[in-house]
Amino acid sequence: MSIRIENLTIHESARLLEGKKISSVELCKAYLERAKNLEPKVKAFLKLNEEEILSQAQASDRRRAESKKLSPYDGIPVAVKDNITVKGQTCTCASKILQKVVSPYDATVIRKLKGKGFVLFGRTNMDEFAMGSSCENSAYQKTANPWNVGCVPGGSSGGSAASVAAGEVTAALGSDTGGSIRQPASLCGVVGFKPTYGRISRYGLIAFASSLDQIGPITRDVEDAAILTDVMYGRDSKDATSLPDTNEKFSEGLDSLKDLKGIKIGLPKECFEIEGLDTGVRKSMEKSIEVFKSLGAEMVQVSLPHSKYAVATYYVIATAEASANLARFDGIRYGNRVKADSLLETYLETRGAGFGDEVKRRIILGTFVLSSGYYDAYYTKGQKVRTLIRRDFQEAYKKCDVILTPVSPTTAFKFGEKSDPLQMYLADIFTISTNLAGNCGISVPADIHANGLPVGLQLVGPDMGEKQLLRISHIFEKNRAIKEFIPGI
Amino acid sequence: MKIIDVKYVAALARLELDSEKEERLQKEMETILNYVDSLSELDVSSIEPTAHAVQMTNVLRDDISEIPFPREEMLANAPETVGGELIKVPAVIPGEEEN
């Protein structure tokens with residue numbers, strides 16, 4: 001079999017399966033074999049159950065043999081971030097407090113993937129409760145970047161990004177609260193897509209910051225991201241914040257743009273003036289801008305004057321919501337309970353032992369900004385600045401179709417390099433505004449840095465602007481200088 | 001005066017911290033809050049707050065009864081149960097401890 005599994009996409013796999021060039025069992029076995037060789041170095045998966053995977057693959061092959069396939073994608077494996085529930089599997093959020101908890105139900109996205117015949121391929125590592133930008137906050141293991149195992153994969157969906165980049169699986173699901181899909185995708189040289197807030201149901205996603213969280217795909221190319229979005233999006237009665245169906249099919253007509261004539265790409269001047277923007281990353285952005293220009297796009301300068309307040313705003317709003325959401329983990333109804341002399345001590349000791357440092361830091365910050373006497377000064381203020389950030393985008397989209405920025409100010413950094421929490425928070429400076437505004441953003445591999453690591457570019461579209469955003473991303477992907485992003489692991 | 005008293009806030013949040021961790025968090029929180037204070041440069045007195053990026057109200061589902069989750073599946077994750085039928089909780093009122 002001469003299939004290069006490390007670069008296989010969902011759409012190519014669908015053709016191979018349809019043409020009987022490969023079976024789902026062969027496909028999954030090839031990935032399991034590759035994972036067996038690479039996992040000791042990459043450590044992207046918290047759980048990878050060969051038996052469970054192969055039994056799903058066998059069922060898929062049977063369906064195809066009986067001409068009962070559920071979709072063109074029946075039998076293609078997708079990895080799942082460890083904060084999305086799959087009935088009968090553990091869902092730890094990479095936290096000790098949920099170590100043994102087995103999910104009693106499927107998340108809506110999982111129900112939809114199963115409905116199309118996708119094989120659920122293991123559970124990927126993450127920063128505990130999705131709080132972090134390096135995966136170093138996992139209570140279980142540190143995932144390495146397949147491009148350089150001395151570097152982090154980014155986070156919080158670092159396991160998902162690393163597993164796809166290493167070619168251990170075709171695609172993966174992540175969640176994005178402040179950049180947790182896009183930043184690791186950028187650092188690992190894969191595509192990461194955060195749709196508009198509410199596009200994809202959050203039912204079964206363990207909540208971190210409910211007004212910001214969004215599930216999305218991490219894939220080898222833009223077409224795969226569109227395919228998974230098609231499968232997952234839509235109104236769900238189990239998530240009151242999910243948006244009405246629009247009956248769009250994002251994976252169709254991706255090729256419809258032959259060039260970018262008439263398309264305006266906004267360049268926010270604030271984003272390119274930021275202190276700490278690596279010169280190599282800046283050069284990669286300049287090269288990418290030339291690609292857009294050569295396709296006929298018009299570059300326009302836009303302004304997001306409040307973007308410099310985005311990180312501060314985010315750490316008020318996200319931590320406030322997290323402190324409320326994580327109050328439910330108290331050792332009473334599920335999870336680990338530390339036995340103590342009184343109810344109060346049970347809470348204190350269960351949560352003290354169950355949560356890691358970053359989670360504690362954020363619960364404390366969130367509790368503080370919501371506490372009596374500080375609520376208006378911090379929380380209400382943060383919500384008001386959020387209005388300003390959202391308005392900045394609305395103004396900018398009067399002048400352009402999409403906005404281009406780097407995803408991350410640097411390429412993947414070394415383990416332990418950002419030991420100061422605030423420095424880690426600033427790694428998300430370009431991605432956070434999108435969550436606060438609620439619009440959609442994608443990270444597409446753009447270039448390889450002089451240090452050998454991939455650089456992603458971010459395109460941000462308006463609310464519900466996925467179709468145009470994905471088409472523009474797709475044409476860029478076809479025309480960028482480097483065609484394939486495959487780490488030499 | 002310090003902006004935040006980590007010991008007090010940790011108690012509100014029901015988090016046990018040893019003194020070393022408390023001291024470190026106290027310093028880190030002060031750094032983070034100093035950074036967050038950049039927000040005070042902005043005059044937002046006339047701005048409405050945004051709680052949610054998507055403004056939707058009165059989202060209701062059809063009033064149809066559904067089969068609930070089976071009790072044994074829901075209780076399977078409980079740290080302790082009473083005969084597999086109820087969650088066993090620590091004594092809530094002092095003096096009412098198990099005998």
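Residues numbered from 1 in each chain as written. Chains lettered and ligands numbered in written order. Predicted model: local features only at pLDDT ≥ 70, side-chain atom pairs only at ≥ 80, totals over all residues.

A word on the overall build of chain A
Line of reasoning, step 1. Counting its regular elements, chain A contains 16 helices and eleven strands.
Line of reasoning, step 2. Expected size for 489 residues packed as a compact globule is a radius of gyration near 23 Å; at 21 Å, chain A falls within 12% of this value.
Line of reasoning, step 3. Considered along the principal axes of its C-alpha atoms, chain A spans approximately 65 × 55 × 45 Å.
Line of reasoning, step 4. Residues classed as buried in chain A amount to 61% of the 489 residues present. (Helix = DSSP H or I, 4+ residues; strand = E, 2+ residues; numbered from the N terminus. Rg over C-alpha atoms; globule rule 2.2 N^0.38 Å. Buried ≥ 20, exposed ≤ 12 C-beta atoms within 10 Å, placed from the backbone.)

Some details on the overall build of chain B
Line of reasoning, step 1. Each helix and strand counted, chain B has three helices and two strands in total.
Line of reasoning, step 2. Along chain B, helices (α) and strands (β) appear in the sequence α-α-α-β-β when read from the amino end.
Line of reasoning, step 3. Taken against the 2.2 N^0.38 rule, which gives 13 Å for 99 residues, the C-alpha radius of gyration of chain B at 23 Å runs more than 25% over that of a compact globule.
Line of reasoning, step 4. For chain B, buried positions account for 18% of its 99 residues.

Remarks on the pairing of strand β9 (residues 402-406) of chain A
The two faces of the sheet receive side chains in turn, since in a regular strand these alternate between them.
All names here are of chain A.
Line of reasoning, step 1. Counted residue by residue, β9 has five buried out of five residues, so it is predominantly covered.
Line of reasoning, step 2. Of the pairings in the sheet, the one linking strand β7 (residues 264-268) to β9 comprises two bridges and is parallel in character. Bridge pairing in β9 places isoleucine 265 opposite valine 402.
Line of reasoning, step 3. Pairing analysis gives four bridges linking β9 to strand β11 (residues 454-461), with the strands arranged antiparallel. Within the sheet, the bridge partner assigned to leucine 404 lies in β11 and is leucine 459. (Pairing = 2+ DSSP bridges.)

What to know about the interface of chain A and chain B
Line of reasoning, step 1. Chain A puts 53 residues into the contact, and the matching count from chain B is 45 residues.
Line of reasoning, step 2. Those elements that place two or more of their residues in the side of chain A that touches chain B are α10 (310-325), α11 (343-354), α12 (357-370), α13 (375-396) and α14 (421-425) of chain A.
Line of reasoning, step 3. Residue contributions to the side of chain A that touches chain B peak at eleven residues, all from α13 of chain A.
Line of reasoning, step 4. Across the side of chain A that touches chain B, the residue classes tally to 26 nonpolar, 17 polar and ten charged. (Contact = placed C-beta atoms within 7 Å. Nonpolar A, V, L, I, M, F, W, Y, C, P; charged D, E, K, R; others polar.)

Things to note about α13 of chain A
Residues and elements named next belong to chain A.
Line of reasoning, step 1. The terminal C-alpha atoms of α13, which comprises 22 residues, lie 31 Å apart, in line with the 32 Å expected from a rise of 1.5 Å per residue.
Line of reasoning, step 2. The largest bend along α13 measures about 30° and falls at lysine 381.
Line of reasoning, step 3. If you check which residues of α13 are buried, you get Tyr378, Tyr379, Lys381, Gly382, Gln383, Lys384, Val385, Arg386, Ile389, Asp392, Phe393 and Ala396. (Expected span 1.5 Å × (residues − 1). Bend = angle between axes of the 7 residues up to and from the residue.)

Regarding the nonpolar core
Line of reasoning, step 1. Formed by 164 residues in total, the largest nonpolar core has its most connected members in Val78, Val109, Tyr315, Val316, Ile364, Val402 and Leu459 of chain A.
Line of reasoning, step 2. Apart from residues no more than four positions distant in its own chain, tyrosine 315 of chain A is found in contact with Leu365 and Tyr425 of chain A together with Ile32 and Val36 of chain B. (Core = buried A, V, L, I, M, F, W, Y, C linked by C-beta atoms within 7 Å.)

What about the confidence of the model for chain B?
Interpretation of the predicted coordinates at a detailed level should be avoided for regions scoring low in pLDDT.
Line of reasoning, step 1. On average, residues of chain B score 90 in pLDDT, and 95% of them reach the 70 mark or higher.
Line of reasoning, step 2. Mean pLDDT across the elements of chain B bottoms out in helix α3 (residues 71-75) of chain B (91) and peaks in helix α1 (residues 6-12) of chain B (96). (pLDDT = per-residue confidence, 0-100.)

Re the packing of α10 of chain A against α13 of chain A
Residue and element names in this part refer to chain A.
Line of reasoning, step 1. At a closest axis distance of 9 Å, the pairing of α10 and α13 adopts a crossing angle of 125°. It follows from the interaxial angle that α10 and α13 lie oblique. For the element pair α10 and α13, the recorded crossing hand is left-handed. Between α10 and α13, the residues in contact are Ala310, Thr313, Val316, Ile317 and Ala320 and Tyr378, Tyr379, Gly382, Gln383, Val385, Arg386 and Ile389, respectively.
Line of reasoning, step 2. When grouped by side-chain class, the residues that make up the contact of α10 with α13 number eight nonpolar, three polar and one charged. (Axes fitted to C-alpha atoms, helices over the stretch in contact; angles between N-to-C directions. Parallel < 35°, antiparallel > 145°, perpendicular 65-115°, else oblique. Left-handed = near helix turned anticlockwise from the far one by under 90°.)

Regarding helix α1 (residues 10-18) of chain A
Working note: α-helix, 3.6 residues per turn, so residues spaced by three or four point in the same direction.
Residues and elements named next belong to chain A.
Line of reasoning, step 1. For α1, every residue scored as buried is listed here: Ile10, His11, Ser13 and Leu17. Mapping the buried residues of α1 onto a view down its axis gives an arc of 160°, with all of them on the same face.
Line of reasoning, step 2. Where α1 is buried, its residues contact α2 (24-42), α3 (50-65), β4 (171-176), β6 (214-219) and α7 (222-232).
Line of reasoning, step 3. Residue lysine 20 follows α1 closely and has a positive phi angle near 55°. (Arc of directions from axis to C-beta.)

Quick notes on the sheet that holds β11 of chain A
Residues and elements named next belong to chain A.
Line of reasoning, step 1. Taken in spatial order, the eleven strands line up as β1-β3-β2-β4-β6-β5-β10-β11-β9-β7-β8 in an open sheet, and their pairing is mixed. Pairing within the sheet leaves two strands with one partner each, and these edge strands are β1 (45-47) and β8 (298-302). If you compare each strand with its neighbour and ignore which way they point, the axes differ by 35° on average.
Line of reasoning, step 2. Looking at chain direction, strand β2 (residues 77-81) and β4 are connected through three bridges and run parallel. Residue pairing for β4: alanine 79 is matched across the bridge by alanine 172.
Line of reasoning, step 3. Packed onto the sheet, helix α5 (residues 158-165) meets β1, β2, β3 (119-124), β4, β5 (191-194) and β6 and runs at close to 155° relative to β4.

A few points about the environment of glutamine 89 of chain A
Residues and elements named next belong to chain A.
Line of reasoning, step 1. Inspection of the secondary structure puts glutamine 89 in the loop between β2 and α4 (108-115).
Line of reasoning, step 2. Overall, glutamine 89 belongs to the buried group, with 20 C-beta atoms counted inside 10 Å.
Line of reasoning, step 3. The spatial distance from the C-alpha of glutamine 89 to the C-alpha of serine 103 is 5.8 Å, given a sequence separation of 14 residues.
Line of reasoning, step 4. The residues touching glutamine 89, leaving out its near neighbours within four places in the chain, are Val102, Ser103 and Arg123.

Some words on unusual backbone geometry
All names here are of chain A.
Line of reasoning, step 1. Cis geometry is adopted by the peptide bond preceding serine 156, which originates at glycine 155 and carries an omega value of 10°.
Line of reasoning, step 2. By the element assignment, serine 156 lies in the loop between β3 and α5.
Line of reasoning, step 3. For lysine 20, which is not a glycine, the phi torsion comes out positive at approximately 55°.
Line of reasoning, step 4. Note on placement: lysine 20 falls in the loop between α1 and α2.
Line of reasoning, step 5. Residue lysine 20 is classed as exposed on the basis of its C-beta count, with 9 C-beta atoms lying within 10 Å.

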